[in-house]
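# Topology and contacts: notes
This is what each chain is made of:
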Amino acid sequence: MSIFLGVNIDHIATLRQVRGTKYPSLIEAARICEDSGADSITLHLREDRRHIQDRDLEDLKSKLKTKMNLEMAATDEMLKIASEISPEDCCLVPEKRQELTTEGGLDVASQLSRMKDVCDQLQSNSIKASLFIDADRRQIDAVAECQAPIIEIHTGHYANATNQKNTELELKKIIEACEYAHSLGIQVNAGHGLTLENTSAIAKIDSIVELNIGHSIISRALFVGLALATSEMKALILKARGL
């Protein structure tokens, strides 16, 4: 089974926003990633606009050769923006103003009615809804009730485990969650905290269709360039899958 790589370019925008300049160019970054093996480009339009800006979505939508995966909170403002931009995929994520990055999965089960409505609105605009959740059967069942076609399993707990025992425990949870979601006919993606050192074990999970990776690729690019940072991650996940 094929496996795809989505590259999150949020932190290219972070560097730009530090100085309020027009560079580095997200369009150029996306082009390099796509030419180097990325199968999609992920952007998180946060409510505080700390990195990606509204104009970035407009600029990139017509320039991408692959597809746009828009990460966003499930708010009316973001739904309106999504309907105007029409990304191929929207990944719904939890969002807290003070967090450095997304800290965990979305609690779909506790807000089922709202999430159903959001997924319906996205579907009505021909946008595939993806729900970013922890490796938890209860949340997967809630996603199924929402009739969302895709989940993205939060791999942060696995990536942040501090010893081998906990790493193996978190990996086991992810494997079981992926298999369960796949059995329900839900497409399984995964991401968060994945690096060259820890991605292979995740990429080996047959039911995972796409890995979305950003921070480690952009960080690696400081030393080897964005093209190589992207292509070596793509090569790593293909090798792990035996492709």
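Note: the structure precedes this text.
Read on for an overview of the structure. (Residues numbered from 1 in each chain as written. Predicted model: local features only at pLDDT ≥ 70, side-chain atom pairs only at ≥ 80, totals over all residues. Heavy atoms only, no water.)

### Description of the overall build of the chain
Cut-off, in case you're wondering: Helix numbering and strand numbering both begin at the N terminus, where a helix is a DSSP run of H or I of at least 4 residues and a strand a DSSP run of E of at least 2. Computation of the radius of gyration draws on C-alpha atoms alone. For the globule rule, the value is 2.2 Å times the number of residues to the power 0.38. Think of it in three bands: residues with accessible area under 20% of the maximum for their type are buried, residues over 50% are exposed, and the middle band is partly exposed, with areas taken using a 1.4 Å probe on protein chains only. Pairs of residues are marked as contacts when any of their non-hydrogen atoms sit within 4.5 Å. Accessible surface is estimated by sampling points in the Shrake-Rupley manner with a 1.4 Å probe; for residues, cover comes only from the protein chains shown. Counted charges follow a simple rule, with Lys and Arg positive, Asp and Glu negative, and His plus the chain ends left uncounted. In plain terms, the charge of a residue is placed at NZ if it is Lys, CZ if Arg, CG if Asp and CD if Glu.
In terms of regular secondary structure, the chain is built from eleven helices and eight strands. A compact globule built from 243 residues would reach a C-alpha radius of gyration of about 18 Å, and the chain, at 17 Å, matches this within 12%. A total of 243 residues make up the chain; the buried ones form 50% of that total. Long-range contacts, defined as pairs at least 24 residues apart, comprise 68% of the intrachain contacts of the chain with a sequence gap of at least 6. For the chain, the computed accessible surface area is about 11400 Å², with 50% contributed by carbon and sulfur atoms. Within the chain, the 36 negative side-chain charges are centred at a point lying 3 Å from the centre of the 28 positive side-chain charges.

### Regarding the environment of R241
Condition: Whenever a nitrogen or oxygen atom comes within 3.5 Å of another N or O atom, the pair is scored as a polar contact, on the condition that within protein one atom can donate a hydrogen and the other can accept it, and that pairs from neighbouring residues in sequence are kept only if both atoms are in side chains.
Mapped onto the elements of the fold, R241 is located in helix α11 (residues 226–241). Measuring from C-alpha to C-alpha, the distance between R241 and V188 comes to 15 Å, with 53 residues separating the pair along the chain. For R241, the contacting residues outside a window of four places in its chain are M1, S2, I3, A203, K204, I205, D206 and I208. In this structure the side chain of R241 is engaged in a polar contact, spanning 3.1 Å, whose partner is the backbone oxygen of M1.

### What about the packing of helix α4 (residues 76–85) against helix α5 (residues 112–124)?
Using the following cut-off: Inter-axis angles, ranging from 0 to 180 degrees, are taken between N-to-C directions of lines fitted to C-alpha atoms, where helices are fitted over the stretch in contact. Oblique is the label for any angle not under 35 degrees, not over 145, and not in the 65 to 115 range, which are roughly parallel, roughly antiparallel and roughly perpendicular in turn. Crossings are sorted by hand: turned counterclockwise from the far helix by less than a right angle, the near helix makes the crossing left-handed, and turned clockwise it makes it right-handed. Classes in brief: Ala, Val, Leu, Ile, Met, Phe, Trp, Tyr, Cys and Pro nonpolar; Asp, Glu, Lys and Arg charged; the others, Gly included, polar.
Where α4 meets α5, the closest approach of the two axes is 10 Å, and the angle between their N-to-C directions is 15°. Here α4 is positioned roughly parallel relative to α5, judged by the angle of their axes. Both α4 and α5 take part in a crossing whose hand is right-handed. Contacts between α4 and α5 involve D76, L79 and A82 from the former and R114, V118, Q121 and L122 from the latter. Class assignment of the residues belonging to the contact of α4 with α5 gives a composition of four nonpolar, one polar and two charged.

### Description of the pattern of salt bridges
The following threshold applies: Salt bridge, as applied in this entry: a Lys or Arg side-chain nitrogen positioned within 4 Å of an Asp or Glu carboxyl oxygen.
Counting across every chain of the model gives 18 salt bridges. Residue R31 pairs with D35 through a salt bridge whose shortest N-O separation is 3.6 Å. Taken together, the positions of R31 and D35, both in helix α2 (residues 26–35) and four residues apart, correspond to about one turn of that helix. Of the residues examined, R31 reaches a relative accessible area of 40% and is grouped as partly exposed.

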